[in-house]
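Survey of secondary and tertiary structure
So you can see what is in the structure, the chains are spelled out below.
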Amino acid sequence: MAERNGLPAFELAGERFSSRLIVGTGGFRSLGDMERALVASGTEIVTVALRRLDPGAQGSPLELIRRLDLFALPNTAGCYTARDAVRTARLAREAFETHWVKLEVIGDDRTLYPDAVELLRAAEELVDDGFTVLPYTNDDPILARRLEDLGCAAVMPLGSPIGSGMGIRNPYNVAIIVERATVPVILDAGIGTASEAAAAMELGCDAVLLASAVSRSEDPEVMARAMRSAIEAGYLARRAGRIPRKLHAEASTSTEGIPELS
Amino acid sequence: MIVAVNGEPRELDPEATVAEAVAIAGPVPPSGIAVAVDGEVVPRARWERTKLSDGQSVEVVAAVQGG
């Protein structure tokens, strides 16, 4: 390992980050809670959304994000069609002065699963338009490959439905996505607690994106710290190479030289 | 003329520009805001000189917590 006391940089679309945790800003009970959690998480990238201007809005999350010197990654949350997602991404490019976008095109409001057909359409159009596209996708290795082939800068498979806290329901598919991807794989959605974030990293994901697990926990600041530790631990465990699973025991203490005591 | 501003029909001067529609939508934050007219982005630098026409739809969006 290049660095003994820290994690090597996480490279995404030509940029280098020291944190492998991306935090969604949705669901926090207050901007104060959000600020404390973001600081504790060590994150450098946070997602934000666009909605109609609210004349009564109290404080802007963007001001807070900029004050903390974090990168605001806009998403297309709530879009059901490629057309809406592309238009939202263009509005986000104007509002946030970035050509990076977390692309979400969902199929229905019960599962919030991506609509694969619309997602591919939107990704293609946005890549052609010069965007750095980070697509939220199913845990489907073929769809992930198609998104990568279109020129997406990463693939972001879900662990389980957004906000469900069900962890990684198909770790084998995530492993297959990791195995063949040549762009970063970011586990996005479904993480409920720290062990699941560690598991994502142990599967070989490059980073984890989560929101509700921190923002809706009883103590977001402490959970943010837990997630930070879990992601570092999972990354290091993957890197170290775990022992194979075996059915039977294998003594770790030598059987040579056991004294005859009876 | 009638223009929809964030979904609400509003009576505007026939010579009104995007800037006037934005002012109706609410206090404009210094950053993190964008405007689309009939779905197409109008960059901030062009709000003052982009004229609206009857029946158009103006969406004024800003950053919120999400994702």
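Located above this text is the structure these notes cover.
Described below are features of the structure shown in this document. Values in this document were obtained by computation on a predicted structure and should not be read as measured data.

Rules of the game
Residues numbered from 1 in each chain as written. Chains lettered and ligands numbered in written order. Predicted model: local features only at pLDDT ≥ 70, side-chain atom pairs only at ≥ 80, totals over all residues. Axes fitted to C-alpha atoms, helices over the stretch in contact; angles between N-to-C directions. Helix = DSSP H or I, 4+ residues; strand = E, 2+ residues; numbered from the N terminus. Parallel < 35°, antiparallel > 145°, perpendicular 65-115°, else oblique. Left-handed = near helix turned anticlockwise from the far one by under 90°. Contact = placed C-beta atoms within 7 Å. Nonpolar A, V, L, I, M, F, W, Y, C, P; charged D, E, K, R; others polar. Core = buried A, V, L, I, M, F, W, Y, C linked by C-beta atoms within 7 Å. Buried ≥ 20, exposed ≤ 12 C-beta atoms within 10 Å, placed from the backbone.

**Quick look at the packing of helix α7 (residues 194–202) of chain A against helix α9 (residues 220–240) of chain A**
All names here are of chain A. Between α7 and α9, the shortest axis-to-axis distance is 7 Å and the interhelical angle comes to 30 degrees. Classed by the angle they form, the pair α7 and α9 counts as roughly parallel. Of the two possible hands of crossing, α7 and α9 adopt the one that is right-handed. Contacts between α7 and α9 involve Ala-194, Ser-195, Ala-197, Ala-198, Ala-199, Ala-200, Met-201 and Glu-202 from the first element and Ala-226, Met-227, Ala-230, Ile-231, Ala-233, Gly-234, Tyr-235, Ala-237 and Arg-238 from the second. For the contact of α7 with α9, the per-class residue count stands at 13 nonpolar, two polar and two charged.

**Description of the nonpolar core**
Side chains of a nonpolar character, in soluble globular proteins, are inclined to be buried together. Residues and elements named next belong to chain A. Counting 101 residues, the largest nonpolar core has Leu-103, Cys-205, Val-208 and Met-227 as the members making the most contacts within it. Among the elements that take part in this core, helix α3 (residues 82–96) stands out by supplying eight residues, more than any other. Every residue in contact with Val-208, bar those within four places of it in the chain, is listed here: Arg-20, Leu-21, Ile-186, Leu-187, Ile-191, Ala-197, Ala-200, Met-201 and Ile-231.

**Section: unusual backbone geometry**
Working note: non-glycine residues mostly have negative phi, and peptide bonds are mostly trans. Residues and elements named next belong to chain A. Despite not being glycine, Ala-13 has its phi angle at roughly 50 degrees, a positive value. Along the polypeptide, Ala-13 turns up in the loop between β1 (10–12) and β2 (15–17). Note on Ala-13: 14 C-beta atoms within 10 Å, which makes it partly exposed. Unlike most non-glycine residues, Glu-97 shows phi in positive territory, near 55 degrees. Summarising the element assignment, Glu-97 is placed in the loop between α3 and β6 (100–103). Given 10 C-beta atoms within a 10 Å radius, Glu-97 is considered exposed.

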